[in-house]
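# Survey of secondary and tertiary structure
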Amino acid sequence: MTPGDKKLYLFLLVPAILVLLLFVGAPICQSIFLSFHRDIIALPQLKTPFVGLDNFGELLRDPVARHSFLITVIFVATTTSFELLIGLLIALLINHRFPGRGALRACVLIPWAIPTVVSAQMWRFLFNDAYGMINYVIFGVESARYIPWLAMPGTALSALIIADIWKTSSFAALLILAGLQVIPDELYRAARVDGAGSWRRFWHITWPLIRPALLVALLFRTIDAFRVFDLAFVMTPGGPADATNVLQLYGYKKMFVEGWMGYGSAISVSVFLIVLVLAIIYLRTIGRHLMEARA
Amino acid sequence: MKTGLFRKPLFLAATLLTVGFSLAPFLWFVSSAFKTQTQLTAIPPQWWPAFSMEFFRSAVLHYGIFHYLINSVIVAGSTTLVTIFLATLAGYALAQLPRRVSQIILMGILTCAMFPQIAIVGPIWKFLQIMGWLNTYQGLVLPYVALTLPLAVWILTLFFQQMPKELEAAALVDGCTRLMALVRVILPLSAPGLFTAAILCFIYAWNEFFLGLLIMTDPLKQTMPVGIALFQGEHVVPWGEIAAASFITTAPLVIMVLIFQRRIVTGLSAGAVKG
């Protein structure tokens, strides 16, 4: 590589990095900056005075924020565990070689491919309190007993969780499948020769070898589940009684509906910090696998 | 059979269950688009639609979903083109740079994809407002490019790295410059990688809702997901029209998935596992 080449390569990298800096790097820095200031969209004449940690202090005292954090954590924990479990089962299934495997894979991909907004409207329709399919399946034609799932605090969050599991289990399945496919067939053949049954083959070969892929899927899904917005916005708009007011929705309301940029930024910076910690864990894990693979 | 975990009937049942789980709710929902208003709210449910086009007509005439569709095509199309162009340049450079350097830059780029959108939208919105770019196509396309670049750069770098170095060396010996080698030798051979990255970018931009909602407040500029989310009837929720709009939005995606499922799977797992 000549010095001229090196210059060319750096030059080729510039546009991409510039876009990322302008629309991801700089905004994050500005969000952090804003979170230490008071900034109200409707009152630009107040400027943006520095208020130190006031926004964060208020955030800790804000009961809605605490509740929002709690339900987001519940949402993340339940969706990711179910998605990994269902994802693992689907991955084990698709990993078989059988005629029609491509068609099955395409079917599984469809929930992942459609817009979240469409799946949110779909689930809103299915959970409808007057003619929804879910009420019909449970109560038959006795429409007097139909339950308004999305209008009750106890069931609204569960409905959101079900919708999310449906939408993203297939993505988890794909990540796990990639891990399954690198397991050499010889291992299974050898185990079979040694007389290991299918459960023992699963526990002693498949399970230890897909754990890294499961970990990747876990962290990917956790990071993504923390960003939940579309589902809550369409299915319940945060209600009833804030029962589905997830963090990103709460931050959005504070910033863009009520116009509290500074306070909203404190919320978004908090979400960012949570996700950053998860991202670091994720990248370190991946990094270690790289090292092991190269050694 | 790789694991032998499933006996035959169990295997068949699992396959049917998976297909049902993935397709049944969606098919039920889009089938409502082809029903009549009485069929839609009937209890017990009417399984077979009358194939009435009334809801499609109403969605087009009363809700003007063609506007949304055209906006979606413009936004998702330009996002894909710009992203692939920038990602090709960056991916080519990263594949040539020493591994240690490219690894660090790639990690940095990939980290950008993990940030929650809420942490960047406030400042992006302010920036676009200052530029007068709210409710413009470039105002939505540029953030979308930033959000789709990481995965595209990742896929293309991996793809270019696997390409035999001799090809480029031969082109250089024949008197090509680096850039000519990229355009004439590397790119034609990279069509599969470019295509995979393009499909994933397109799906992302086509489906994105949060930024679309914030940046496009003018209904004439809104994309399909924003339109579908904000669909309002006068008294009741217009389920038939929502289903019709959903059908139109998802049809291209479903076709893409059916044709390119293998590519999509490879692309997604390259982004996550190969490292």
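Let us look at the structure shown here.

What counts, and where the lines are drawn
- Residues numbered from 1 in each chain as written.
- Chains lettered and ligands numbered in written order.
- Predicted model: local features only at pLDDT ≥ 70, side-chain atom pairs only at ≥ 80, totals over all residues.
- Heavy atoms only, no water.
- Patch = residues over 30% accessible without salt bridge, like charges linked within 9 Å, V, L, I, M, F, W, Y side chains within 5 Å.
- Areas by Shrake-Rupley, 256 points an atom, 1.4 Å probe, with all protein chains shown as cover.
- Salt bridge = Lys/Arg side-chain N within 4 Å of Asp/Glu carboxyl O.
- Helix = DSSP H or I, 4+ residues; strand = E, 2+ residues; numbered from the N terminus.
- Axes fitted to C-alpha atoms, helices over the stretch in contact; angles between N-to-C directions.
- Parallel < 35°, antiparallel > 145°, perpendicular 65-115°, else oblique.
- Left-handed = near helix turned anticlockwise from the far one by under 90°.
- Contact = heavy atoms within 4.5 Å.
- Nonpolar A, V, L, I, M, F, W, Y, C, P; charged D, E, K, R; others polar.
- Phe/Tyr/Trp six-rings, centres within 6.5 Å; stacked < 30°, edge-to-face > 60°.
- Buried < 20%, exposed > 50% of the residue type's maximum accessible area, 1.4 Å probe, protein only.
- Lys NZ or Arg CZ within 6 Å of the ring centre and 35° of its normal.

## Here we look at a nonpolar patch on the surface
- Among the surface-exposed residues, Trp47(B), Trp48(B) and Phe51(B) lie close enough to one another that they form a single nonpolar patch of about 470 Å² accessible area.
- Tracing the sequence through the fold places Trp48(B) in the loop between helix 2 (37-40) and helix 3 (54-61).

## Section: the packing of helix 3 (residues 63-94) of chain A against helix 1 (residues 8-31) of chain B
- Viewed as axis vectors pointing N to C, helix 3 of chain A and helix 1 of chain B meet at an angle of 125°, and their least axial separation amounts to 11 Å. Classified by the angle their axes make, helix 3 of chain A and helix 1 of chain B are oblique. Crossing hand, helix 3 of chain A versus helix 1 of chain B: left-handed. Residue-level inspection shows Ile86(A), Ile90(A) and Leu93(A) of helix 3 of chain A in contact with helix 1 of chain B, the latter providing Phe11(B), Ala14(B), Thr15(B), Thr18(B) and Phe21(B).
- Residue classes in the contact of helix 3 of chain A with helix 1 of chain B are distributed as six nonpolar, two polar and no charged.

## A look at unusual backbone geometry
Residue and element names in this part refer to chain B.
- Of note in this structure, Phe 51 is not a glycine but carries a positive phi near 50°.
- Locating Phe 51 in the fold gives a position in the loop between helix 2 and helix 3.
- For Asn 135, which is not a glycine, the phi torsion comes out positive at approximately 60°.
- Turning to its location among the elements, Asn 135 is positioned in the loop between helix 6 (118-131) and helix 7 (137-162).

## What to know about the packing of aromatic side chains
- Using the criterion set out here, one finds 36 aromatic pairs over all chains in the structure.
- Measuring from ring centre to ring centre gives 5.9 Å for Phe233(A) and Tyr252(A), while their planes differ by 75°; the resulting arrangement is edge-to-face. Of the two residues, Phe233(A) sits in helix 10 (residues 230-235) while Tyr252(A) sits in helix 11 (residues 247-257), which places them 19 residues apart along the sequence. The burial state of Phe233(A) is the same as that of Tyr252(A); both residues are buried.
- Residues Phe34(B) and Phe51(B) carry aromatic rings whose centres are separated by 5.7 Å and whose planes lie at 50° to one another, so their mutual orientation is tilted. Remark: Phe51(B) occurs in the loop between helix 2 and helix 3 and Phe34(B) occurs in the loop between helix 1 and helix 2; sequence separation between them is 17 residues.
- These aromatic residues form a ring-pair network of at least three members: Phe229(A), Phe233(A), Tyr252(A), Phe256(A), Trp125(B), Phe209(B) and Phe210(B).
- Lying across the ring of Trp28(B), Lys35(B) places its NZ or CZ 3.8 Å from the centre.
- If you follow Lys221(B) out to its NZ or CZ, it ends over the ring of Tyr137(B), 5.2 Å from the centre.

The values reported here are purely geometric and, on their own, carry no functional implication.
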